[in-house]
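# Results of the structural survey
Residue-level listing of the chains:
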Amino acid sequence: RAKDQGGGIVYAYEPQLHSHAEERRVLEIALRKALERDQLTVHYQPVVAADTGAIESFEALLRWTHPELGPISPAKFVPIAEDTRLIGPIGDWVLMTACTEARNWPDHVRIAVNVSAEQLMNGNFVGTVVQALARSGLAANRLELEVTESVFLREGGGVTDMLDKLLSLGVRLSLDDFGTGYSSLGYLAKIRFNTIKIDRSFVQAAAKNVAEAIAIIRAVVTLASSLDMTTTAEGIETDRELTLMRDLGAKKIQGFLFGRPMPARDALKLFNRDGERAVA
Ligand code: C2E
Ligand code: MG
Ligand code: MG
Ligand code: MG
């Protein structure tokens, strides 16, 4: 509390003094109403071919602007949505919105949607995907679902079966943030991921010439290719990082260098300009 901090000083309202728990509680209450109050939007970030720079897909990234608190980072509110199970309805809405938007793009451009373990394993996620594809009219092979290694930590199993069911619909699977979690190669043998996304932390370390990071990226690219998976390098901000990741064999590139996450209308404009090429 702001009062009684000692020395007889009484602080005025200062958000930094609020406890983490208090901030979380405030955000949780606000988040419960965010969807119905139209405070959520989806932004789209291009993913381009490493060799040509042509747009291959967009990643759908959730945005929340609270009328008083302003924009709130997904890094802050997605974990709250997961803990409170609000990620179910919110995630379903993102999926439907993103699939519908992707119908406006050229046929070869895919849409990637992040899926939390909680959303994947509770409710009827396969049914939700089938419905989103049917309602939007999007072909299944244009949808990529991104999961992180954390889905494999869930108790009770069933994750492998769920991911297999999704693959049998014809949708594609990406393993997001690879290398940041509890990496085990075991599940790469079990699930036929289409893409491994190499986390930005490796890209940054490699660009600083950290030998271990370079060795790991090299190994991941080789492993992916022998398992018939492709690789995306995340968080490319500089030409140096681009050149390095290209040389290390990453097939796709995502990062501020090519485009920040942007509103749907701006993403659409990229296609009407110089041959569907993202420009740095
Ligand atoms: P992610 O899936 O790994 O998404 C990539 C994050 O990296 C995004 O952060 C993106 O804005 C950021 N990024 C992309 N390029 C660069 C770059 O060059 N430099 C830097 N510094 N950052 C870059 P964002 O949008 O803040 O999202 C953070 C995380 O929140 C996502 O990480 C994802 O785990 C989660 N998230 C976002 N939208 C959704 C959603 O609809 N559903 C679920 N379940 N999670 C979501
Ligand atoms: Mg992602
Ligand atoms: Mg990622
Ligand atoms: Mg990430």
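We now turn to the structure provided with this report. Since this is a predicted model, take the numbers as computed values, not measurements.

Turning to the overall build of the chain, a few remarks are in order. A tally of helices and strands in the chain yields eleven helices and nine strands. Taking all 280 residues of the chain together, 46% fall into the buried category. Pairs at least 24 residues apart make up 67% of the contacts formed inside the chain by residues separated by at least 6 positions. Counting every atom, the chain has about 14200 Å² of accessible surface; 51% of that belongs to carbon and sulfur. Charged side chains in the chain number 32 positive and 36 negative. The centres of these two groups are separated by 2 Å.

Protein coordination at the magnesium ion (ligand 2): the donors are E59 (OE), N114 (OD1), E146 (OE) and D176 (OD), at 2.0 to 2.2 Å from the metal. Counting residues between consecutive donors of the magnesium ion (ligand 2) along the chain gives the motif E-x54-N-x31-E-x29-D. A gap of 3.9 Å separates the magnesium ion (ligand 2) and the magnesium ion (ligand 3), which D176 links by coordinating each metal. Taken together, the residues E146 in strand 5 (residues 143–148) and D176 in strand 6 (residues 172–178) connect sequence positions 30 residues apart. Neither E146 nor D176 differs from the other in exposure class; each is buried.

Taken together, 22 residues surround ligand 1, and among them R63, S116, D176, E237 and F256 come closest. Note that an oxygen atom of ligand 1 is positioned 3.3 Å from one of the side-chain N or O atoms of E234. The fraction of the free accessible surface of ligand 1 (800 Å²) that becomes covered by protein chains is 81%. For the shell around ligand 1, the secondary-structure elements that each account for two or more residues are strand 2 (55–66), helix 2 (74–83), helix 3 (87–102) and strand 6. In terms of residues, the shell around ligand 1 owes the most to one element, strand 2, which gives four residues. Of the residues in the shell around ligand 1, the class split is nine nonpolar, five polar and eight charged.

A word on helix 5 (residues 125–136). Between its terminal C-alpha atoms helix 5 stretches 16 Å, which fits the 16 Å expected from twelve residues at 1.5 Å a residue. Looking at the packing, one finds that the buried side of helix 5 touches helix 3, helix 4 (117–121), strand 5 and helix 6 (159–169). Downstream of helix 5 by one or two residues, G137 has phi in the positive range, about 80°.

Cut-off values and rules
Residues numbered from 1 in each chain as written. Chains lettered and ligands numbered in written order. Predicted model: local features only at pLDDT ≥ 70, side-chain atom pairs only at ≥ 80, totals over all residues. Heavy atoms only, no water. Helix = DSSP H or I, 4+ residues; strand = E, 2+ residues; numbered from the N terminus. Buried < 20%, exposed > 50% of the residue type's maximum accessible area, 1.4 Å probe, protein only. Contact = heavy atoms within 4.5 Å. Areas by Shrake-Rupley, 256 points an atom, 1.4 Å probe, with all protein chains shown as cover. Lys, Arg positive; Asp, Glu negative; His and termini not counted. Charge placed at Lys NZ, Arg CZ, Asp CG, Glu CD. Donors = N, O, S within 2.8 Å, 3.2 Å for Na, K, Ca; no water. Near = heavy atom within 4 Å. Polar contact = N/O pair within 3.5 Å; in protein donor to acceptor, adjacent residues only side chain to side chain. Nonpolar A, V, L, I, M, F, W, Y, C, P; charged D, E, K, R; others polar. Expected span 1.5 Å × (residues − 1).

Everything listed here is a matter of coordinates, which is why it stays silent on function.
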